[in-house]
Amino acid sequence: MKRLVCAVLSIFLIFFSCIITEESSYALVDTVSTSAGASILYCANNGRVIYANRENAKMKMASTTKLLTTLLTLEFAEKNDKIVTFKQSMIEEGSSMYLKVGEKVHIDDLCIGMMLPSGNDAATAAAVTVAGSKEKFADLMNKRAKSIGMQSSHFVTPSGLDDDNHYTTAYDMALLMTECLKNKKFKEISGSVNKTVAFVSPNDKTVTYHNHNRLLSEYPYCISGKTGYTMAAGRCLVTAAEKNGITLVAVTLNDKNDWQDHKSLYDYGFSVLRSKHFKSTEITQTVVGGKENSVEINIPQNSFVLDEDDSKIKRKIMIEPFAYAPVKQGERAGMVLYYQKGKVIDKKSLVYKKSVGSEKTEGGFFSFLKSIFGN
């Protein structure tokens, strides 16, 4: 009996642990620089600044403003599939998607007009539709910017036309692009070289717009971006690129050599970073008193971005040696922990893949233990 009690106590104290350790190699580029008035290379995976120059300087950002206008418009469109009638008051100077008074389009098509041909008319039409006026929309922009963490920015116009109180920083724009990339519709629109808009009225009108972001064609890993230019702001560019699970955001403000600078920034970033990827796996847990003797538990995939100073990451899977029936699908089954330098850097709950019903058996739990340990 003493032997049986000790066995029971041991079972409740023991957890299975699976430690997986891998390390990737990387090549190092010596240095990088830009000709921008302010610039940054930012890792969207973990929020690290890889390179920066005057990243907190407040500067004009021209039409890269439309990143925020597009994000707000798409968030509005998710709940309001509104048809917009273009009005005389929505006409705006500068770049355009060439909407005519009286024409009608779906509101999310205005986002195509903003992100590809950089239409100021599309931005104003979106702002008035979403908030009632450009001024009220600016209030929404500033509120949303603060929620993202953009502490050094202030928005006045939805299009990015110059205003002394309309400014941002390279760092804030990196945060904005990172937030935008979380929106699937934004990624799809901004990552398209061409997009066609079918007008609601006239119903036989379609227009194909070309994306001003040259990097989509010139740099194989570019996934998104927005251009901007005014004489006061200079050339502004915010882009994103993805390679081997690493997502980087590059921002240059007032940069005469922006296309090449973004390529150089990405080449540098991808050379000094490496990704550590844990594949999705399954493990089996014994079920006591169930209609089935075992149940599968899914270990989800996970990825980390490391630089040359980072140590390897270990994964530790923790589950109990058995579960009592009934087991419910989606119910918590354990934890998976990720360690770096002995510290937990991430953790996720594990759940059962399916349900297992209970089945009454003579003798119950102690009969099960006897079958394992003997009398």
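Rules used in this analysis
Residues numbered from 1 in each chain as written. Predicted model: local features only at pLDDT ≥ 70, side-chain atom pairs only at ≥ 80, totals over all residues. Heavy atoms only, no water. Pairing = 2+ DSSP bridges. Helix = DSSP H or I, 4+ residues; strand = E, 2+ residues; numbered from the N terminus. Axes fitted to C-alpha atoms, helices over the stretch in contact; angles between N-to-C directions. Contact = heavy atoms within 4.5 Å. Buried < 20%, exposed > 50% of the residue type's maximum accessible area, 1.4 Å probe, protein only. Salt bridge = Lys/Arg side-chain N within 4 Å of Asp/Glu carboxyl O. Parallel < 35°, antiparallel > 145°, perpendicular 65-115°, else oblique. Nonpolar A, V, L, I, M, F, W, Y, C, P; charged D, E, K, R; others polar. Core = buried A, V, L, I, M, F, W, Y, C linked by side-chain atoms within 4.5 Å. Left-handed = near helix turned anticlockwise from the far one by under 90°.

**Digging into the sheet that holds strand β9 (residues 234-243)**
Move 1: Taken together, the five strands give an open sheet; going across it, the order is β3-β2-β10-β9-β8, and neighbouring strands pair in antiparallel fashion. The open sheet has two edge strands, β3 (49-53) and β8 (222-230), and neither has a second partner. Across the sheet, the axes of successive neighbouring strands diverge by a mean angle of 5°, strand direction being ignored.
Move 2: The sheet contact formed by strand β2 (residues 38-43) and β3 spans four bridges and is antiparallel. For I40, the partnering residue across the bridge sits in β3 and is A52.
Move 3: Seen against the sheet, helix α6 (residues 170-180) touches β2, β3, β8, β9 and β10 (246-253) and runs at an angle of roughly 35° to β2.

**As for α6**
Move 1: The buried fraction of α6 is high, at ten of eleven residues.
Move 2: When we look at burial in α6, the residues that qualify are A170, D172, M173, A174, L175, L176, M177, T178, E179 and C180.

**Some thoughts on unusual backbone geometry**
Move 1: The linkage connecting S201 with the following residue, P202, adopts the cis geometry, with an omega of -5°.
Move 2: Mapped onto the fold, P202 is located in the loop between β6 (194-198) and β7 (206-210).
Move 3: With an omega of 5°, the peptide bond between A325 and P326 qualifies as cis.
Move 4: Its location among the elements puts P326 in the loop between β16 (322-324) and β17 (332-340).
Move 5: Unusually for a residue other than glycine, R54 sits at a positive phi of about 55°.
Move 6: Take R54: it is sitting in the loop between β3 and α2 (66-77).
Move 7: A positive phi angle, close to 55°, is found at N254, a residue other than glycine.
Move 8: By the secondary structure assignment, N254 is in the loop between β10 and α9 (258-272).
Move 9: Residue classification places N254 among the partly exposed residues on the basis of a relative accessible area of 37%.

**Focus on the pattern of salt bridges**
Move 1: Taken as a whole and judged by the stated rule, the model has twelve salt bridges.
Move 2: One salt bridge in this structure joins R144 and E75, with 2.8 Å as the shortest N-O distance. One end of the pair, R144, is in helix α5 (residues 134-148); the other, E75, is in helix α2, and 69 residues separate them in sequence.
Move 3: Judged by its relative accessible area of 18%, R144 is buried.
Move 4: Ionic contacts of the salt-bridge type, sharing partners, join the residues E75, R144, E179 and K182 into one network.

**Concerning the packing of helix α4 (residues 120-131) against α5**
Move 1: Interhelical geometry of α4 versus α5 gives an angle of 85° and a closest axis separation of 8 Å. The orientation of α4 relative to α5 falls into the category roughly perpendicular. Taking contact as the criterion, the partners of T124, A127, V128, V130 and A131 in α4 are, on α5, K134, K136, F137 and L140.
Move 2: Looking at the contact of α4 with α5, its residues break down into six nonpolar, one polar and two charged.

**Observations concerning the environment of L175**
Move 1: With respect to the helices and strands, the residue L175 is situated in helix α6.
Move 2: Separated by 27 residues in the primary sequence, L175 and I148 place their C-alpha atoms 6.9 Å from one another.
Move 3: When sequence neighbours within four positions are dropped, the list of residues in contact with L175 reads Y42, I148, G149 and M150.

**Overview of the nonpolar core**
Move 1: L67, L110, V249 and V251 are the most contacted members of the largest nonpolar core, which has 59 residues in total.
Move 2: Those residues within four positions of L110 in sequence are excluded, and the remaining contacts are V84, M97, L99, V105, A122, A125 and A126.
Move 3: Counting 22 residues, the second largest nonpolar core, distinct from the first, contains V32, Y51, C222 and L237.

**Looking at the packing of α2 against α4**
Move 1: Put simply, α2 and α4 touch, their axes get as near as 10 Å, and they point 45° apart. Our classification of the angle between α2 and α4 gives oblique. Read as a crossing pair, α2 and α4 show a hand that is left-handed. The segment α2 lies against α4, with K66, T69, T73 and F76 engaging N120, A123, A126, T129 and V130.

Keep in mind these numbers describe shape, not what the thing actually does.
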